[in-house]
Amino acid sequence: MLWSCQEKNPNPNSQLSIDDYASLDTSVLSLNSHRVWEEIDSLSKTDEDSMFADVATRNIYNNKKSFLWVDRKGVNSRADSILNYLQCINSLGFSKQKFCLHQIENDLRRIRSLEFGDGDNRINKVIARLEYNLTKAYLRYAIGQQFGFMNPSKVFNKLDVQDLDTSKVSYHKIFDIKIKHENRRFVEYALHKVHVDSVAEFLRETEPKSPFYYALRRQLNSTNVDLLGKARIQVNMERCRWRMPDYPQAHSKYVLVNIPSFHLYAQDGDNELIMRVAFGSFESKTPLMISEIKKMEINPQWVMPRSIIKKSIIPHVGNVTYFDQRNYFIRNRYTGKIVETRQVTRQMLESGDYFVIQRGGEGNAMGRIVFRFDNDLAIYLHDTSSRDVFEKSDRDVSHGCVRVERPFDLAVFLLEEKESSLIDKISYSMTADVTPLGIEEKKLTDKMRAVADTLNKKMLIGSVNVTPHIPIFIIYYTLYPSKDGKIRSYPDVYGYDALIYKKLKNYI
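Residues numbered from 1 in each chain as written. Predicted model: local features only at pLDDT ≥ 70, side-chain atom pairs only at ≥ 80, totals over all residues. Heavy atoms only, no water.

Asks: When you look at the overall build of the chain in this model, what are you seeing that I'm missing?
Replies: Along the chain, the regular secondary structure elements total 17 helices and 19 strands. For the chain, whose C-alpha radius of gyration is 32 Å, the value lies well above the compact-globule estimate of 23 Å for 508 residues. Its C-alpha atoms give the chain principal-axis dimensions of roughly 120 × 70 × 40 Å. Across the 508 residues of the chain, 46% fall into the buried class. Taking the intrachain contacts of the chain between residues at least 6 apart in sequence as the baseline, contacts between residues at least 24 apart amount to 68%. (Helix = DSSP H or I, 4+ residues; strand = E, 2+ residues; numbered from the N terminus. Rg over C-alpha atoms; globule rule 2.2 N^0.38 Å. Buried < 20%, exposed > 50% of the residue type's maximum accessible area, 1.4 Å probe, protein only. Contact = heavy atoms within 4.5 Å.)

This is the structure we're talking about:
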């Protein structure tokens, strides 16, 4: 049998009347919405923080629509939801002070214990401060976790000056990944979540989904990490927050170049192909991008970018031997006609109306094969005639493209069907002497013409379509997991870690 307590304790507050609340009728506890708005206006005008969340907070209260966290019944429970959720901010390496958490805690305590007074502790000022700081902390966290605490497009694409004149400065585009950015629609959605009491659930939704992110977070909070190590972990956690349009983990077959690792990783299920790469120098950085490899061109011609023409070619104008030895020729950009090297002037090349092209074959700067994928920056993977570069430890030497150590192996990897006849043709085409094919008909000797005829009759091929297209990721992580899941550390060759950390210091 179950027995309940038979003792009855009377409720001491059951007979309260309005007179019992007379002691609360004091100016110290007089709450006025107009004065609260005045205090919020003052906070908004003196707030000099300039991150997107900070500007959005000011805009919300400049419109004076309604309070988010305070109503006539007092402070609602959603304030506790945010406060409880943001207690984890230290585990991200961020400061509670930067999210106003200590001030929010103190103001909540004052409101619930009615500890108001003069100066900064006036009731209307405390309510205003709590309202403003809760919104600011909420948006700072939600926007940061959803999109990142800094915008890489704005930072990296204003780093290297491309052209400087008196009217406009242009920059090299070195971050060419179309990530999702913070916007007004997201802010409106975040505010909607406040009104429907889904704050904690919404904040969970904004968290990055990458297992690598949480592995870094665990490492950040281990006891054996120094300050320098913590900074490196934090910037790579930030990279995990950027909402990419695609991820390697979404594919069973892909190609990945992590620039700081100096290596290419080609993954096809359990099969992995790893090779060394050389990439852009500090002055001509390889852009970060995501695309799909669509085509392989064998014995490609190299159309030089204008930057190389200005720096390396124009000083040799008039030296016919220089051009002939390197298999360079000049073509009119608009008519397509080849111009005799001896007729080329400095002014012609400076005008931009003429291409400088290197014929395909042995000695071509792009080697014997190039792997093409869509992008607006003329970047691709390719072979190289300077094979000794792969013996060096520092291989940031190119004008921006990525040179691969084992191009033939990569070509075979990209093939869906490993047909031996096609593989043989690729191998033959990458080793055959194709010099006669790049010379004008009128300049061919009988011997050259015979060689050209033989090449065309054999297995020589010029291109191979990659079907289906293979995703390629050119990324930049100074900490990144290997196939076995172990996190490896790489040098910050372009100094991007320092740029990211400088932005994160707004929250540290």
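Asks: Sorry, what's going on with the sheet that holds strand S11 (residues 338-339) here?
Replies: Within a sheet, neighbouring strands are paired by backbone hydrogen bonds and run either parallel or antiparallel to one another. Read across the open sheet, the 4 strands follow the order S9-S12-S10-S11; overall the sheet is antiparallel. Each end of this open sheet is capped by a strand with a single partner; those strands are strand S9 (302-303) and S11. Alignment of strand S10 (residues 328-332) against S11, held across 2 bridges, turns out to be antiparallel. Bridge pairing in S11 places Ile-330 opposite Val-339. (Pairing = 2+ DSSP bridges.)

Asks: What's the story with a nonpolar patch on the surface in this structure? I'm lost.
Replies: A contiguous nonpolar surface patch, about 210 Å² in accessible area, is contributed by Val-161, Val-169 and Tyr-171. Locating Tyr-171 in the fold gives a position in strand S4 (residues 169-171). For Tyr-171, a relative accessible area of 31% puts it in the partly exposed group. (Patch = residues over 30% accessible without salt bridge, like charges linked within 9 Å, V, L, I, M, F, W, Y side chains within 5 Å. Areas by Shrake-Rupley, 256 points an atom, 1.4 Å probe, with all protein chains shown as cover. Salt bridge = Lys/Arg side-chain N within 4 Å of Asp/Glu carboxyl O.)

Asks: Please explain the environment of Asn-157 as it appears in this structure.
Replies: Along the chain, Asn-157 falls in the loop between helix H6 (152-156) and strand S3 (161-164). Contacts of Asn-157, omitting those with residues within four sequence positions, involve Pro-152, Tyr-171, His-172, Lys-173, Ile-174 and Phe-175.

Asks: Which parts of the structure should I look at to understand the nonpolar core?
Replies: Across soluble globular proteins, nonpolar side chains show a tendency to be buried alongside one another. Counting 141 residues, the largest nonpolar core has Val-255 and Leu-381 as its most contacted members. The element contributing the most residues to this core is helix H5 (residues 123-147), with 14 residues. With residues up to four places along the chain from it excluded, the contact list for Val-255 reads Leu-264, Tyr-265, Ala-266, Ile-293, Leu-381, Leu-410, Phe-413, Leu-414, Ile-470, Pro-471, Ile-472 and Phe-473. (Core = buried A, V, L, I, M, F, W, Y, C linked by side-chain atoms within 4.5 Å.)

Asks: Just to check I follow, could you spell out the packing of helix H7 (residues 184-195) against helix H8 (residues 199-206) for this structure?
Replies: Two numbers describe a pair of packed helices, the interaxial angle and the distance between the axes. Relative orientation of the contacting elements H7 and H8 amounts to 145°, with a least axis distance of 8 Å. Relative to H8, the crossing made by H7 is right-handed. Counted together, Phe-186, Tyr-189, Ala-190, Lys-193 and Val-194 of H7 and Val-199, Phe-202, Glu-205 and Thr-206 of H8 form the full contact between these two elements. When the residues that make up the contact of H7 with H8 are grouped by side-chain class, the tally is 6 nonpolar, 1 polar and 2 charged. (Axes fitted to C-alpha atoms, helices over the stretch in contact; angles between N-to-C directions. Left-handed = near helix turned anticlockwise from the far one by under 90°. Nonpolar A, V, L, I, M, F, W, Y, C, P; charged D, E, K, R; others polar.)

Asks: Where do I start with the pattern of salt bridges in this structure?
Replies: Close approach of charged atoms allows side chains of opposite charge to pair. On inspection of all chains with the given rule, the structure shows 22 salt bridges. Residues Asp-107 and Arg-129 are paired through a salt bridge, measuring 2.9 Å at the closest nitrogen-oxygen approach. Of this pair, Asp-107 sits in helix H4 (residues 101-113) while Arg-129 sits in helix H5; the two residues are 22 residues apart in sequence, bridging distant segments of the chain. Exposure remark for Arg-129: the relative accessible area of 13% places this residue in the buried category. Measuring nitrogen to oxygen at the nearest pair gives 2.8 Å for the salt bridge that ties Arg-109 to Glu-115. Since its relative accessible area comes to 40%, Arg-109 is described here as partly exposed. In the salt-bridge network here, residues are joined through shared partners; they are Asp-47, Asp-49, Asp-54, Arg-58, Lys-136 and Arg-140.

Asks: I keep staring at the environment of Arg-333 and nothing clicks. Help me out?
Replies: Examined against the element boundaries, Arg-333 turns out to sit in the loop between S10 and S11. Sequence separation between Arg-333 and Asn-76 is 257 residues; the distance between their C-alpha atoms is 69 Å. Contacts of Arg-333, omitting those with residues within four sequence positions, involve Gly-352, Asp-353, Tyr-354 and Phe-355.

Asks: Just to check I follow, could you spell out the pairing of strand S12 (residues 354-358) for this structure?
Replies: Strand residues, when the strand is regular, have side chains that alternate between the two faces of the sheet. With 4 of its 5 residues buried, S12 lies for the most part within the structure. Where S9 lies against S12, 2 bridges are found, and the strand directions are antiparallel. Looking at S12, one finds that Val-303 is bridged to Ile-357. As judged from the 5 bridges shared by S10 and S12, these two strands associate in the antiparallel manner. In the sheet register, Phe-329 faces S12, and the bridge partner there is Ile-357.

Asks: Quick question: what am I supposed to make of the packing of aromatic side chains here?
Replies: When we look at a pair of aromatic rings, we describe it by the centre distance and by the angle of the planes. According to the stated counting rule, one finds 31 aromatic pairs in the structure shown. Between Phe-149 and Tyr-507, the aromatic rings sit 4.9 Å apart at their centres with planes inclined by 65°, giving edge-to-face as the arrangement. Of the two residues, Phe-149 sits in the loop between H5 and H6 while Tyr-507 sits in the segment after helix H17 (496-504), which places them 358 residues apart along the sequence. Both residues of the pair, Phe-149 and Tyr-507, belong to the buried class. In textbook terms, an aromatic cluster arises when at least three aromatic residues are bridged by ring pairs, as seen for Phe-156, Phe-175, Trp-242, Phe-262, Phe-279, Tyr-476, Tyr-494 and Tyr-496. Of note, Lys-253 hangs over the ring of Phe-413, and the distance from its end group to the ring centre comes to 5.1 Å. One residue, Lys-285, lies across the ring of Phe-282, its end atom 4.0 Å from the ring centre. (Phe/Tyr/Trp six-rings, centres within 6.5 Å; stacked < 30°, edge-to-face > 60°. Lys NZ or Arg CZ within 6 Å of the ring centre and 35° of its normal.)

Asks: Teacher, can you tell me more about the environment of Ile-179 here?
Replies: Residue position: Ile-179 is located in the loop between S4 and H7. When the C-alpha positions of Ile-179 and Met-150 are compared, they lie 12 Å apart, and in sequence the two are 29 residues distant. Beyond its immediate sequence surroundings of up to four residues, Ile-179 is in contact with Pro-152, Trp-242, Arg-243 and Met-244.

Asks: Sorry, what's going on with helix H11 (residues 306-313) here?
Replies: One turn of an α-helix holds 3.6 residues; hence residues three or four places apart share an orientation. Among all positions in H11, only Ile-308, Ile-309 and Ile-313 are buried. Take H11 and look down its axis: the buried residues cluster within an arc of 105°, on one side only. Opposite the packed face of H11, turned more than 90 degrees from it, sit the exposed residues Ser-307, Lys-310 and Lys-311. Against the buried residues of H11 lie S9, helix H12 (320-325), S10, helix H13 (346-351) and S12. (Arc of directions from axis to C-beta.)

Asks: How should the state of the cysteines be read in this particular structure?
Replies: Disulfide: a covalent bond formed between the sulfur atoms of two cysteine residues. In this structure the tally under the stated criterion is 0 disulfides. No disulfide involves Cys-240; its sulfur sits 16 Å from that of Cys-88, the nearest cysteine. (Disulfide = S-S within 2.5 Å.)

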